[in-house]
Amino acid sequence: MFNLNISSSNPVAAGIYIDGAWFHPKGREIIEVESPTDESVIASIVDGTADDAAMAVEAAQKAFTGWAGRPAIERARLVMELASEVQANHEALARIVTLEQGKPIAQARGEIDAVITFLTYAAENARRIEGDIVASDNLNEEIQIRRHPYGVVVGLTAWNYPAALAARKLGPALVAGNTFVLMAHEHTPLSGLALAQLAHNAGFPAGVFNSITGRGRVAGQAMLEHPLTAMVTMTGSTRAGKEIFRTAADTIKTVRLELGGKAPFIVMDDADIDAAVAAAVLARYTNCGQICTCNERMYLHSSIADEFMGKFVAASQALTIGDPMAAVDLGPKISRFERDKVAGVIAASVEAGAEVLLEGGILDSGQYAQGHWMAPTVLSVKNNKIPAIRDEVFGPVAVAMTVDSFDEAVALANDTQYGLSAYLFTKNFKHIQLAPHVLKFGELYLNRSNGEAVQGFHTGWGMSGLGGEDGKYGFDGYMRKQTSYLNWD
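All of the points below concern the structure found in this document. (Residues numbered from 1 in each chain as written. Predicted model: local features only at pLDDT ≥ 70, side-chain atom pairs only at ≥ 80, totals over all residues. Heavy atoms only, no water.)

Before going further, it helps to spend a moment on unusual backbone geometry. Negative phi characterises most residues that are not glycine, and trans characterises most peptide bonds. Residue N287 is not a glycine yet carries a positive backbone phi of 55°. You can see N287 is positioned in the loop between α9 (273-285) and β14 (295-301). By relative accessible area, N287 is classed as buried at 2%. The phi dihedral of D470 falls on the positive side, at around 80°, and the residue is not glycine. Within the secondary structure, D470 sits in the loop between β24 (465-466) and α15 (471-476). What makes D470 buried here is its relative accessible area of 8%. (Helix = DSSP H or I, 4+ residues; strand = E, 2+ residues; numbered from the N terminus. Buried < 20%, exposed > 50% of the residue type's maximum accessible area, 1.4 Å probe, protein only.)

Now for the pattern of salt bridges. Any two side chains of opposite charge can pair, given that their charged atoms come close. Tallied over the entire structure, the rule returns 21 salt bridges. Its salt-bridge partner being R336, residue E39 comes within 3.1 Å of it at the nearest N-O pair. Placement of E39 in the loop between β4 (30-34) and β5 (41-46) and of R336 in helix α11 (residues 336-351) is noted, with a sequence separation of 297 residues between them. Judged by its relative accessible area of 23%, E39 falls in the partly exposed class. Given a relative accessible area of 34%, R336 falls into the partly exposed group. Residues R239 and E243 are paired through a salt bridge, measuring 3.2 Å at the closest nitrogen-oxygen approach. Pair noted here: R239 and E243 are both in helix α8 (residues 238-249), with a separation of four residues, about one helical turn. (Salt bridge = Lys/Arg side-chain N within 4 Å of Asp/Glu carboxyl O.)

Counting 73 residues, the largest nonpolar core has F2, V86, L190 and F204 as the members making the most contacts within it. The greatest single-element share of this core, amounting to 10 residues, is contributed by helix α4 (residues 105-124). Excluding anything up to four places from it in sequence, L190 contacts F2, I6, V33, I42, A43, I45, I96 and E100. Among the nonpolar cores identified, the runner-up in size contains 35 residues, and V267, I304, F312 and L319 belong to it. (Core = buried A, V, L, I, M, F, W, Y, C linked by side-chain atoms within 4.5 Å. Contact = heavy atoms within 4.5 Å.)

Below, the structure written as structure tokens:
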């Protein structure tokens, strides 16, 4: 059993969940899970082996035929029951997210709301699994196209949204008829384990949902290489996505990758400046800037740049930083490594010519002596080559550059290897209509801040990934198609 009542004074020794049972292997290596707030140990998890990975995949394969054979509405009822369990344990799950990931508790509660939405929406799709009948070229024949589940789906999730990312993949995969093995990042494994316990409470058949822990290069790699793994869905870094893609190629597995981003935030001369500033602040600093769709680089029309930046810097400086269990705007970064990496981007950018408009950076004294804290930094740059405007920062660093036209802003925005999301603030109807054609990104936010809708389609282009999540297209991605030529001569 997994205990949902976790705290720094009540750390847990978590097992792995395979084939409907919890395992606590004796004498095995463990990984300590630290709170990024104060570096206290809140849990120890099993450092999963290749054998653990194989056992989980094989349990999922054993359960697949029975699960896929159920009517979709029956699968959906169990997913809805899981959503009810999440609702009943809402606050405990939010506290787990904050403890292991560091986001403010209000944002963690929003993440658990998203878990419920993802699961509920997936369940609602049970009666929307469709096929096609197509006219044949031959007499007394028709062509039937059906959708079938893949089989065992392995889900690998990032540390920035440990509960929501798991549910985003789990819900549609299960409703479509697949079985599932979850492996969360070792920094944030507890939310996934909690979901496994709630699925157990909801009455899921053994093997339908399994959750293991460990390191990507060991247990994760073993699941990727396992011949029974039919599909891999991963949210994480572009570097990790490339490695997964290479490994999956050996056995031609189906792969869905949601990777890094470098979202441009364009503000034109006719924009509502106050609305744009509010959206830019929200899109830059939510979750301490650790969102793949974050406002990563601002292109501001020269006629409004000073006004915008004056208001943006003031709003950045006013953000509160502290105990994420309290009402604050920013919690800590996920780890010391990630904090120092962001600080390195700031230093390299200043050395390359960036002007510091707001000096933030590492906080490591007084109340911030323990934990991985950063204050917002705001930079101004003159070209599109400086590290802060080229590379994904994934932290509380805002960078801005002035432009003189819409065309210049678009050209600079598209000058990137990434293609996940982009923002545009303007009242010019022509530019709004042109944006989907000229901005080469999978997701556009026009005159609004970030935050996807579950009925939309969250997808990246270029180095931001392939496949996609959410909506009817995301759901369809968990099914493969089969064509039958039915002749009755």
